[in-house]
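Here's the letter readout for the chains.
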Amino acid sequence: MAKRKEEIGKGLRALLSSIDSAPENTVQKEEAVRELTYNISEIPLEYIKTNPFQPRKSFDDQELLELAQSIKSMGLVQPITVRRIDDKTFQVISGERRMRASKLAGLDTIPCYIRLADDQGMLEMALVENIQRSDLNAVEIAISYQRLIEECDLSHEKLAERVGKDRSTITNYTRLLKLPPVIQAGLKSREISMGHARALITIEDPSVQLDMFKKIVDGKLSVRATEEMVKRSKSPTGKAMDPLRKSAEDLEVQRIRDRLSHLFGSKVDIQRSIKGKGKFIIHFRSDDQFNAILDQMEQ
């Protein structure tokens, strides 16, 4: 294995040294960088160091063991990305979890993409990869966005381009960090959703936000009920209907609508205003159905 490592090292050193020795902006340097960027190299794990800019600070032990077992059986499907520090030292840009699991699996080498990046470039790439994970909660995404804005000196527009999102999406997430810590914790634990949080963020008074947060959790309010509660709190009278009562009324209206739909054999809508005014809408698809509804109403 030592001979194999030395062969790998020689091949990498030859390619990397061509970059160091090439004058700036030469074809030789561009080709070497392109080769490193897109080709996969097997690098000894002992040569690879962790990334001090890694946004993710904790790794689930059980998940690492499961990934290690998968790597033992199937090999590492997705290479990690590293940058060179010197001839025998590389630093992880993205893929630290895969690297840790590969060590647990007993691998000596690991497939890598080699990138050229300074410290800010490393941070940016690590954060962008972190954002693209599917298991992040809204607060973790917001923190990563904020770090990219502050530490990489990116505007909302530039960040939106980097991560392939609309500018409004970036703004919506970063605003979550203005919520009280208790509400952020509820968002992280998924007691409330992003929709609930976006409604609460429009309220300026933190004490009111906290009061509404409690009502959302206790009453298991939907996003729509939360939006109504927030809307009513901003009304000129300042008298917001209790969201629990509003939710109960919605359920009763639903039951009435279902009964009428069953009675007439057709879709029925009920529209009600805040003051209680409204109307029934009975849908029909043909003259026969229309006449059947009339007959039912005359009984």
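Just so it is clear, the model here is predicted, and its values are computed rather than measured.

1. What about the environment of Arg224?
Next up, step 1: Structurally, Arg224 can be placed in helix α12 (residues 223-233).
Next up, step 2: Since its relative accessible area comes to 67%, Arg224 is described here as exposed.
Next up, step 3: C-alpha separation for the pair Arg224 and His196, spaced 28 residues apart in sequence, amounts to 8.5 Å.

2. Details of the packing of helix α7 (residues 156-163) against helix α8 (residues 167-175)
Next up, step 1: The geometry of α7 relative to α8 is characterised by a closest axis approach of 8 Å and an angle of 105° between their N-to-C directions. Taken together, the axis directions place α7 and α8 in an arrangement best described as roughly perpendicular. For the pair α7 and α8, contact is made by His156, Glu157, Leu159, Ala160 and Val163 and by Arg167, Ile170, Thr171 and Thr174, respectively.
Next up, step 2: Residues belonging to the contact of α7 with α8 are distributed by class as follows: four nonpolar, three polar and two charged.

3. Considerations on unusual backbone geometry
Glycine aside, residues mostly have negative phi, and peptide bonds are mostly found in the trans state.
Next up, step 1: A positive phi is found at Arg190, a non-glycine position, where the angle reads about 65°.
Next up, step 2: Mapped onto the secondary structure, Arg190 falls in the loop between α9 (181-188) and α10 (194-200).
Next up, step 3: Notably, Lys220 is not glycine yet its phi reads approximately 50°, a positive angle.
Next up, step 4: Mapped onto the secondary structure, Lys220 falls in the loop between α11 (206-219) and α12.

4. Things to note about the environment of Gln184
Next up, step 1: Along the polypeptide, Gln184 turns up in helix α9.
Next up, step 2: As for Gln184 and Ala138, which are separated by 46 residues in sequence, their C-alpha atoms are 8.9 Å apart.
Next up, step 3: Residues within four places of Gln184 in sequence aside, it is in contact with Val139, Leu176, Leu177, Lys178 and Leu179.
Next up, step 4: One polar contact links the side chain of Gln184 to the main-chain carbonyl oxygen of Leu179, over a distance of 2.8 Å.

5. Concerning the sheet that holds strand β1 (residues 40-44)
Next up, step 1: The strand order β1-β5-β3-β4-β2 describes an open sheet built from five strands, whose pairing is mixed. Each having just a single partner strand, β1 and β2 (48-49) make up the two edges of the open sheet.
Next up, step 2: Relative to strand β5 (residues 109-115), strand β3 (residues 80-86) runs parallel, the two sharing four bridges. Its bridge partner being in β5, Val82 is matched across the sheet by Ile114.
Next up, step 3: Here helix α4 (residues 96-104) sits on the sheet in contact with β2, β3, β4 (89-94) and β5, set at roughly 125° to β4.

6. Some words on the packing of aromatic side chains
Next up, step 1: One pass over the structure, following the stated rule, counts two aromatic pairs.
Next up, step 2: An angle of 70° between the planes, with centres 5.6 Å apart, marks the rings of Tyr145 and Tyr173 as edge-to-face. Remark: Tyr173 occurs in helix α8 and Tyr145 occurs in helix α6 (residues 138-151); sequence separation between them is 28 residues. Accessibility classification places Tyr145 together with Tyr173 in one group, the buried group.

Conventions adopted
- In this numbering scheme, every chain counts its residues from 1 along its sequence in written order.
- Confidence filtering applies because this is a predicted model: local features only for residues at pLDDT of at least 70, side-chain atom pairs given and counted only at 80 or more, and all residues used for totals across whole chains, interfaces and linings.
- With hydrogens and water set aside, each side-chain value is computed from the structure's full complement of heavy atoms.
- Numbered from the N terminus, helices here are DSSP runs of H or I no shorter than four residues, and strands are runs of E no shorter than two.
- Note on exposure labels: buried denotes an accessible area under 20% of the residue type's maximum, exposed denotes more than 50%, and partly exposed covers the range between, all computed with a 1.4 Å probe on protein chains only.
- To get an axis, a line is fitted to the C-alpha atoms, and for a helix only the part in contact is used. The angle between two axes follows their N-to-C directions and goes from 0 to 180 degrees.
- Working rule for angles: under 35 degrees goes down as roughly parallel, over 145 as roughly antiparallel, 65 to 115 as roughly perpendicular, anything else as oblique.
- Only heavy atoms enter the contact rule, under which two residues are in contact if any of them lie within 4.5 Å.
- In this count, Pro and Cys sit with the nonpolar residues alongside Ala, Val, Leu, Ile, Met, Phe, Trp and Tyr, while Asp, Glu, Lys and Arg are called charged and the others, Gly among them, polar.
- Each polar contact in these results corresponds to two N or O atoms within 3.5 Å; when the atoms are within protein, one needs to be able to donate a hydrogen and the other to accept it, and residues that are neighboring in sequence are counted only if both atoms are side-chain atoms.
- Strands pair, by our definition, only if DSSP identifies at least two bridges between them.
- Aromatic rings from Phe, Tyr and Trp, with only the six-membered ring used for Trp, were paired whenever their centres fell within 6.5 Å, and each pair was classed as stacked if the ring planes differed by under 30 degrees, edge-to-face if by over 60, and tilted otherwise.

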